[in-house]
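# Per-entry structural report
Below are the chains, spelled out letter by letter.
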Amino acid sequence: MFPRSRPVNSVTPTESQLPLQGARLGQPWERRSRAARAALQRMARWLLHVWRASLQLRVIASTMLLGLIVVLMLGSYLYQRIADGLVNDRLLTARAEATSQTRAAQARFDSAGRMDAVSLTQLAFDVVGQLSSPGADQSREVILTRAKNNTGPASVPTVLSSDVGLPSVPASLRAAIAADPSHQQVQIISISLADGATVPAAIVGSRVTLPAAGQYELYFVFPLEREQQTLQVVARTFSLGGIVLVLLLGGVAYVVTRIVVDPVRRAAVVAERLSSGRLHERMRAHGEDDIARLGKAFNAMADSLQKQIRQLEDLSRVQQRFVSDVSHELRTPLTTIRMAGDLIHESRHDFDPSVARSAELLHNEIDRFESLLADLLEISRFDAGAAALDVEATDLRSTIVRTIDATAVLAARRGSRVEVIPTDGPCVAEIDPRRVERILRNLVANAIEYGEGRPVTVQLGVNADAVAVSVCDSGVGLRPGEAALVFNRFWRSDPARARTTGGTGLGLAISREDARLHGGWLHAWGEPGVGSCFRLTLPRHTGVPIESSPLLLRPQQERSAPSLASESASSPVATSGGAES
Ligand code: ADP
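Quick caveat: nothing in here was measured; it's all calculated off a predicted structure. (Residues numbered from 1 in each chain as written. Predicted model: local features only at pLDDT ≥ 70, side-chain atom pairs only at ≥ 80, totals over all residues. Heavy atoms only, no water.)

## A closer look at the pattern of salt bridges
Going by this rule: For this analysis, a salt bridge means a side-chain nitrogen from Lys or Arg found within 4 Å of a carboxyl oxygen belonging to Asp or Glu. A helix here means a DSSP run of H or I that spans at least four residues, while a strand means a run of E at least two residues long, and both kinds are numbered starting from the N terminus. When a residue's accessible area, from a 1.4 Å probe over protein chains only, is under 20% of the maximum for its type it is buried; when over 50% it is exposed; and in between it is partly exposed.
Using the criterion set out here, one finds 29 salt bridges in the structure. Here R90 and E227 are joined by a salt bridge, their closest N and O atoms 3.6 Å apart. Taken together, the residues R90 in helix 3 (residues 55-112) and E227 in helix 6 (residues 225-275) connect sequence positions 137 residues apart. When its relative accessible area of 10% is taken as the criterion, R90 is described as buried. Judged by relative accessible area, which is 14%, E227 ranks as buried. Between D383 and R489 there is a salt bridge, with the nearest N and O atoms lying 2.9 Å from each other. With a gap of 106 residues between them, D383 in helix 8 (residues 353-383) and R489 in the loop between helix 11 (482-485) and helix 12 (507-517) connect regions that are remote in the sequence. Since its relative accessible area comes to 36%, R489 is described here as partly exposed.

As structure tokens, this is what we get:
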């Protein structure tokens, strides 16, 4: 494929134009419009939030909207009916008036007999003048004009009673009269009054015969001014009534929703307090209605929950005390057994080989028994809330050195090399050095034990608010889901695994409690056959929460794999094989 070429007449900005565009982007009006847009977006977001958050607002707005639709539909229907009624009434009276007046006019023309054009014109003016003044409170205009099919000499001109001229008469009306001269014709038109206002009017037309002048059309124009005023009053009343009705509906909806929503809100507050541990919180439940029943049911549920939680707490306390008491009680006999065991162990060379072997086994098992008892006592101290931090500013590099010294014998025995990735500067944090050393010793000892003789890497990291130590091995690793289980008490991936170091299954559980006591995290990651990585993250200053860990959870070489590229150091559970504690 050829690369696409630019069209010949395409315009490319020259270098001198570009800064100009840049300057234009920053013009004050653009900045103002951007700020206005941002303010509008903020306002829209706020309105959306208020709309979503308030059930009461939604109910009131929906009721008012539905009320408005009903009022509009009903109002326009009634208005239309009233308007039709008024106009029809007026048309009826207009027709009747026009009929009688046309008859009267025809009678006057007939009685006049033959006369000259001037007298006839005068008579026409007289008749029109008389017809157009019905009374003080009535008004009608009269037009007398030659019929379209009257082709004789125009002896009488068009006579008008007012400004309403012949052009106001619709051609269709004139055509209808020409087609059916024996019948009266009616139409609604718009006329302009003397004050300039335009009003609808009923126009009634019929034929009259003028002596010697022939066929003429006589039109009566009845302005519907009064009807229009009546309809305006009706429209104003309807609009005002509609607004008041919609507001009333809104008020009613407000009162009704308050009656329902208030107890629900109170229930939500009580539920929130309950879930935050204030188990004594209860709802007010007076009366017999649905809300009272809800309150009673809620309170019954809270009672039952509180009872069960108390029972569980009591049970757990009894269990903790039992473990603690048993561990304490076992200490005294164990001390005696220890002394006797040591004595037998020291004298094992005097026994025959099978008894000497038993003395060895006894000695090892007493060691395991002792460390198990120590771990149990430590766990019961955590459970009783008696564990306290003894904080001091410590450089974690020295803690790591001490840890590696303490595990050197084990590493040598397993043929593992423990490598520390050097750091640039000091990594000082406010920690309890004894507890942190215990965590690290456990992590390094596990890495050596499960590392299958391969090197173990210890890395130290620091950022603004946290320090972290990761201990990674390339040993057996962890199966999917095991990373979350390793911190459980007495959990072991394979209970049949050889325990040459005499592990109790409580090491990581104690480490987790130690990390928590510091306000820190202990994360695990592992993949079968690839290895495991444990990362301890601690706040640099006591009580300051950690935002992210300075180290990644997975070992360095794993990070370059495409599937792992998106891992973030701030995510507590970074992989399917990773878990947080
Ligand atoms: P212990 O080591 O005394 O058995 P821990 O609490 O230290 O107890 O560890 C619990 C379990 O977690 C171990 O039995 C082992 O199955 C698993 N585990 C811990 N560290 C590792 C590791 N580095 N690699 C693989 N599995 C591990």
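## Description of the sheet that holds strand 4 (residues 198-210)
Put simply, the rule reads: What makes two strands pair is DSSP finding at least two bridges between them. By definition in these notes, contact holds between two residues if any of their heavy atoms fall within 4.5 Å. Here an angle of 0 to 180 degrees is reported between the N-to-C directions of two axes, which are lines fitted to C-alpha atoms, with helices fitted over the stretch in contact.
Judged by pairing direction, the sheet is antiparallel, and its 5 strands sit side by side in the order 2-1-5-4-3 without closing on themselves. Among the strands making up the open sheet, the edge pair consists of strand 2 (159-160) and strand 3 (185-192). Taken strand by strand, helix 3 contacts strand 1 (141-146), strand 3, strand 4 and strand 5 (214-223), and its axis lies near 30 degrees from that of strand 4.

## As for the state of the cysteines
Under the convention used in this document: Cysteine sulfur atoms that pair up within 2.5 Å are treated as a disulfide.
Under the counting rule described, the total for this entry stands at 1 disulfide. With its sulfur 2.0 Å from that of its partner, C472 forms a disulfide with C533. With C472 in strand 10 (residues 466-473) and C533 in strand 12 (residues 531-539), this residue pair connects regions lying 61 residues apart in the sequence. For the residue pair C472 and C533, the accessibility class agrees, reading buried in each case.

## So, helix 12
Of all 11 residues in helix 12, 9 are buried, a share of seventy percent or more. Taken as a whole, helix 12 has its buried residues at G507, L508, A509, I510, S511, R512, E513, D514 and A515. Tucked into the core, helix 12 has its buried residues touching helix 8, helix 10 (433-450), strand 11 (521-527) and strand 12. Immediately beyond the C-terminal end of helix 12, within one or two residues, lies G519, with a positive phi of roughly 80 degrees.

## Remarks on the pairing of strand 9 (residues 456-462)
Consecutive side chains of a regular strand alternate in pointing toward one face of the sheet and then the other. By the bridge criterion, 4 bridges tie strand 7 (residues 418-421) to strand 9 in an arrangement that is parallel. The partner of E419 across the bridge, within strand 9, is T457. Across 6 bridges, strand 9 lies against strand 10 in antiparallel orientation. Bridge pairing in strand 10 links V462 to V467. Two successive antiparallel strands, strand 9 and strand 10, enclose a turn made up of 3 residues.

## What about the side chain of S532?
Relative to the helices and strands, S532 is located in strand 12. Filtering out sequence-adjacent residues up to four positions away, S532 remains in contact with V471, C472, D473, G477, L478, W525 and G526.

## A closer look at the nonpolar core
Going by this rule: We call a set of buried residues a nonpolar core when its members are Ala, Val, Leu, Ile, Met, Phe, Trp, Tyr or Cys and they connect through side-chain atoms within 4.5 Å of each other.
Counting 34 residues, the largest nonpolar core has L396, V418, L443, F534 and L536 as the members making the most contacts within it. Of all the secondary structure elements, the ones that give two or more residues to this core are helix 9 (396-414), strand 8 (428-431), helix 10, strand 9, strand 10, helix 12, strand 11 and strand 12. With 8 residues, the single largest contributor to this core is helix 10. Residues within four places of V418 in sequence aside, it is in contact with I404, A411, V444, I448, V456 and V458.

## Notes on the packing of aromatic side chains
Test applied: Working definition: rings of Phe, Tyr and Trp (its six-membered ring) pair if their centres are within 6.5 Å, and the pair is stacked with planes under 30 degrees apart, edge-to-face with planes over 60 apart, and tilted otherwise.
Applying the stated criterion to the full structure yields 2 aromatic pairs. Relative to F222, the ring of F220 lies with its centre 6.4 Å away and its plane at 20 degrees, an arrangement referred to as stacked. Its relative accessible area of 1% is what places F222 among the buried residues. Ring centres 6.4 Å apart and planes at 75 degrees place the aromatic pair F487 and F534 in the edge-to-face group. Separated by 47 residues along the polypeptide, F487 in the loop between helix 11 and helix 12 and F534 in strand 12 bring together distant segments of the chain. Overall, F487 belongs to the buried group, its relative accessible area being 1%.

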